[in-house]
2 protein chains.
Amino acid sequence: MLDIAIIGAGPAGLSAAITGVIRNKKVKVFGNPPSTSYIYKAERVDNYIGMLGVSGKEMMETFTSHAKDLGVEIENKKVIEIFQMGNYYTLNVENEFIEAKTVILANGLTKTAVLEGENEFLGRGVSYCATCDGPLYRGKAVVVIGDSIHAEEDANYLAEVCEQVYYIPLYKEISHLDGRIEVLKARPKRIFGEQVVKGLDLAEGSLDVSGVFIIKDNIPTTKLLSGLELDNKSIRVNRMMETNLPGVYAAGDCTGKPFQVAKAVGEGSTAVLQAVSYLNTLAKA
Amino acid sequence: MLDIAIIGAGPAGLSAAITGVIRNKKVKVFGNPPSTSYIYKAERVDNYIGMLGVSGKEMMETFTSHAKDLGVEIENKKVIEIFQMGNYYTLNVENEFIEAKTVILANGLTKTAVLEGENEFLGRGVSYCATCDGPLYRGKAVVVIGDSIHAEEDANYLAEVCEQVYYIPLYKEISHLDGRIEVLKARPKRIFGEQVVKGLDLAEGSLDVSGVFIIKDNIPTTKLLSGLELDNKSIRVNRMMETNLPGVYAAGDCTGKPFQVAKAVGEGSTAVLQAVSYLNTLAKA
């Protein structure tokens, strides 16, 4: 069992991870590659003290190699859901189940827009994870709504098992999509069905599909961990970065403004030290 | 008038300063030289992400030159007291009076131990600032209680104006003390007097002096700015680093645990952005 599972490999998550490792805890970071961090696209960052005039790319690469040099393990997999199991947590990491005594949420800004029918049919035709749920749609027609280039891998996997895969990109340039996939320039409007999904209404018409895969870089926090209290759209934390759930901390953009690398790094550090002190009380109990 | 006066030139103060300057505000940092920061003495720091395996000295020098490269002005003078003046603040900077619309307290950990009689005789023989009050003791006998090597300059100045200067170092090695000063290896016990100071009781005897100069690297926060609310010994702040006083923010070790560079840097960034947004509302009013 992990001591500390960190969700997110941006500045907050990596900052938490290095102190966790230095404090001899069993730590693992789950997150998208550095290139998906908002800061990665910044041409020049001047206001993280100690690193003057670096690009966002250089910054994220330096952060990542700093963490790796200290022995931090980073897994480029998506955490789909976290379950509270008494005094520990179980993470669904693309259908691999991993246990952790504490969790640090550092999953950045999550887009909260929800499609009509998305909540209603979640688990009954709506999925956030191709690896997890793809096999259920063998021989069927599905549509993938891709939030970023990273959704293409999910679609490519589905092309191997499904009869028909439609792909609706919510971004500009398609990168490496399987030739069997039909790309639609369309605006999704509503998921419809009865007990299960029957199709997707578009601004431009309608698709008959059994599965709607909504693939975002980040799972919306409320879906990630049920029972977590929010403040507006941010995770509610106190000054020690504690959430309302025992052993769960949050750091970085997911806790709200200001959206700054320095703030994220600082909160990551505070969160992990609080987790370490919680682990120490568990050990004594 | 300054937009933002920052008290303290450690990680929190410098982090605040760089973002303040980038946001085009008139900023000035008042603080001790980098070598007085706690972190300066650290042999190796690994847990500020982006700077792996640096010494505390290297870190503080990098931080300081980052700030200076962006045009941050750092004045190595001590802020003795801050007065609230309606909607701005006046700082007593070693008897030079400087006005600022907002104040960020980033003055680190202050030693709160108070000598018997210190509060009672403050301003009536007890002083925290040789430059400010030295001239009042021309031709008289005074004692300087020096918290660190930096107190020696205060003592040397007093040696020029006073009849007799005793010096009680609370640290090990005397560095550059004027030959006219009498060094006492003694433990101060109690300041005594009637209307004004008459002397200082030591564990080893007693001194007849008119002035007791208590020279610390940091002025205790409660004496620095009256009306400021504390939480235990730390400055009370909310998640936006606001104190109970309008336009006054705090960041870094002075706001409490964890005492980490990352936390200080993050809080400095949050504090200054909050100050910037407050300045913008002032400008609109």
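Residues numbered from 1 in each chain as written. Chains lettered and ligands numbered in written order. Predicted model: local features only at pLDDT ≥ 70, side-chain atom pairs only at ≥ 80, totals over all residues. Heavy atoms only, no water.

An unreviewed UniProt entry annotates chain A as Thioredoxin-disulfide reductase of Cellulosilyticum lentocellum.

**Q** Explain helix α1 (residues 11-22) of chain A here, please?
**A** All names here are of chain A. Between the first and last C-alpha of α1 there are 17 Å, a value that for 12 residues agrees with the 16 Å anticipated at 1.5 Å per step. Counting buried residues along α1, 11 of its 12 residues qualify, which places the element largely inside the surrounding structure. Taken as a whole, α1 has its buried residues at P11, A12, G13, L14, S15, A16, A17, I18, T19, G20 and V21. Elements in contact with the buried residues of α1: β1 (2-7), β2 (27-30), α2 (56-69), β3 (73-75), β6 (96-105) and α7 (261-284). Where α1 ends, the next residue or the one after it, N24, has phi of about 65 degrees, a positive value. (Helix = DSSP H or I, 4+ residues; strand = E, 2+ residues; numbered from the N terminus. Expected span 1.5 Å × (residues − 1). Buried < 20%, exposed > 50% of the residue type's maximum accessible area, 1.4 Å probe, protein only. Contact = heavy atoms within 4.5 Å.)

**Q** Help me understand the sheet that holds strand β8 (residues 141-146) of chain A, please; the structure alone is not making it clear to me.
**A** Pairing between sheet strands relies on hydrogen bonds along the backbone, with the strands arranged either parallel or antiparallel. Residue and element names in this part refer to chain A. Read from one edge of the open sheet, 5 strands run β7-β14-β8-β9-β10, paired in parallel fashion. Of all the strands in the sheet, the pair left with one neighbour each is β7 (126-127) and β10 (182-183). Pairing between β8 and strand β9 (residues 164-169): 6 bridges, direction parallel. Looking at the pairing, V144 lines up with Y167 of β9. The sheet strands contacting helix α5 (residues 151-161) are β8, β9 and β14 (211-215), and the helix crosses β9 at an angle near 170 degrees. (Pairing = 2+ DSSP bridges. Axes fitted to C-alpha atoms, helices over the stretch in contact; angles between N-to-C directions.)

**Q** Would you take a moment to explain the packing of aromatic side chains for this structure?
**A** Residue and element names in this part refer to chain A. Here the structure, examined in full by the defined rule, presents 5 aromatic pairs over all chains. Both rings, one in Y48 and one in F63, keep their centres 5.4 Å apart while their planes meet at 70 degrees; by these two values the pair is edge-to-face. One end of the pair, Y48, is in the loop between β2 and α2; the other, F63, is in helix α2, with 15 residues separating them in the sequence. Using a relative accessible area of 1% as the deciding quantity, one classes Y48 as buried. Summarising the aromatic geometry, the rings of Y137 and F213 are spaced 5.4 Å apart at their centres and angled 75 degrees between planes, so their arrangement reads as edge-to-face. Note that Y137 is positioned in the loop between α4 (130-133) and β8 and F213 in strand β14, a separation of 76 residues in sequence. Exposure class is identical for Y137 and F213. Each is buried. (Phe/Tyr/Trp six-rings, centres within 6.5 Å; stacked < 30°, edge-to-face > 60°.)

**Q** Got a minute to help me understand the packing of α7 of chain A against helix α7 (residues 261-284) of chain B in this structure?
**A** The packing of two helices is summarised by the inter-axis angle and the distance between the axes. For the pair α7 of chain A and α7 of chain B, interaxial distance at closest approach is 7 Å and the crossing angle is 140 degrees. The angle between α7 of chain A and α7 of chain B places the two elements in the oblique class. The interaxial crossing formed by α7 of chain A with α7 of chain B has left-handed handedness. Mapping the contact onto sequence places A262, K263, V265, G266, S269 and T270 of chain A in α7 of chain A and A262, K263, V265, G266, S269 and T270 of chain B in α7 of chain B. Among the residues forming the contact of α7 of chain A with α7 of chain B, the class breakdown is 4 nonpolar, 6 polar and 2 charged. (Parallel < 35°, antiparallel > 145°, perpendicular 65-115°, else oblique. Left-handed = near helix turned anticlockwise from the far one by under 90°. Nonpolar A, V, L, I, M, F, W, Y, C, P; charged D, E, K, R; others polar.)

**Q** Whenever I open this one, the pattern of salt bridges confuses me. Can you help?
**A** Side-chain pairs of opposite charge can arise whenever the charged atoms involved come near each other. Applying the stated criterion to the full structure yields 28 salt bridges over all chains. Between E73 of chain A and K28 of chain A there is a salt bridge, and its shortest N-O distance comes to 3.8 Å. Residue E73 of chain A is located in strand β3, and its partner K28 of chain A is located in strand β2; the two are separated by 45 residues in the primary sequence. Ionic pairing is found between K77 of chain B and E96 of chain B, a salt bridge with its closest N-O pair at 3.8 Å. (Salt bridge = Lys/Arg side-chain N within 4 Å of Asp/Glu carboxyl O.)

**Q** Whenever I open this one, the relation of the copies chain A and chain B confuses me. Can you help?
**A** Each copy of the chain is related to the other by a rotation around an axis and a translation along that axis. Of the transformation superimposing chain A on chain B, the axial component is 0.0 Å and the angular component is 180 degrees, with the fit at an RMSD of 0.1 Å. With respect to symmetry, the two chain copies, as superposed, fit the operation of a two-fold axis. Minimal C-alpha distance to the rotation axis in chain A is attained by G266 of chain A, lying at 2.3 Å. In this assembly, 100% of the residues forming the interface of chain A have copies in chain B that are likewise at the interface, indicating an isologous arrangement. (Least-squares fit on C-alpha atoms with pLDDT ≥ 70 in both.)

**Q** I would appreciate a short explanation of the nonpolar core in the present structure.
**A** Nonpolar side chains tend to gather and get buried jointly when the protein is soluble and globular. Residues L105 of chain A together with L105 of chain B are the most contacted members of the largest nonpolar core, which totals 167 residues. Here L105 of chain B is in contact with I7, I82, L224, L225, L228, I235, V248, Y249, A250, A251 and C254 of chain B, once residues within four sequence places are set aside. (Core = buried A, V, L, I, M, F, W, Y, C linked by side-chain atoms within 4.5 Å.)

**Q** I would appreciate a short explanation of the domain arrangement of chain A in the present structure.
**A** Accessible area lost upon the coming together of the parts is a frequently used measure of interface size. All names here are of chain A. In terms of domain boundaries, chain A breaks down into domain 1 (2-110 + 218-284) and domain 2 (118-215). Of the residues lining the interface, 9 residues belong to domain 1; the matching set on domain 2 comes to 9 residues. Tallied by class, the residues present in the side of domain 1 that touches domain 2 amount to 2 nonpolar, 4 polar and 3 charged. (Domains from an automatic or database assignment.)

**Q** Explain the side chain of D46 of chain B here, please?
**A** Position of D46 of chain B relative to the elements: it lies in the loop between β2 (27-30) and α2 (56-69). Separated by 3.0 Å, the side chains of D46 of chain B and R44 of chain B make a polar contact. Not counting chain neighbours up to four residues away, the residues in contact with D46 of chain B comprise I18, I22, H66 and L70 of chain A together with L52 and G53 of chain B. (Polar contact = N/O pair within 3.5 Å; in protein donor to acceptor, adjacent residues only side chain to side chain.)

**Q** Hey, could you run me through the state of the cysteines in this one?
**A** Here, the word disulfide means a covalent bond between the sulfur atoms of two cysteines. Residue and element names in this part refer to chain A. The full count for this structure, using the stated rule, is 2 disulfides over all chains. Through a disulfide, C129 is tied to C132; the S-S separation comes to 2.2 Å. What sets the handedness of the C129 and C132 disulfide is the S-S torsion sign, and at about 75 degrees it is right-handed. C129 gets classed as buried once you look at its relative accessible area, which sits at 3%. When its relative accessible area of 9% is taken as the criterion, C132 is described as buried. (Disulfide = S-S within 2.5 Å.)

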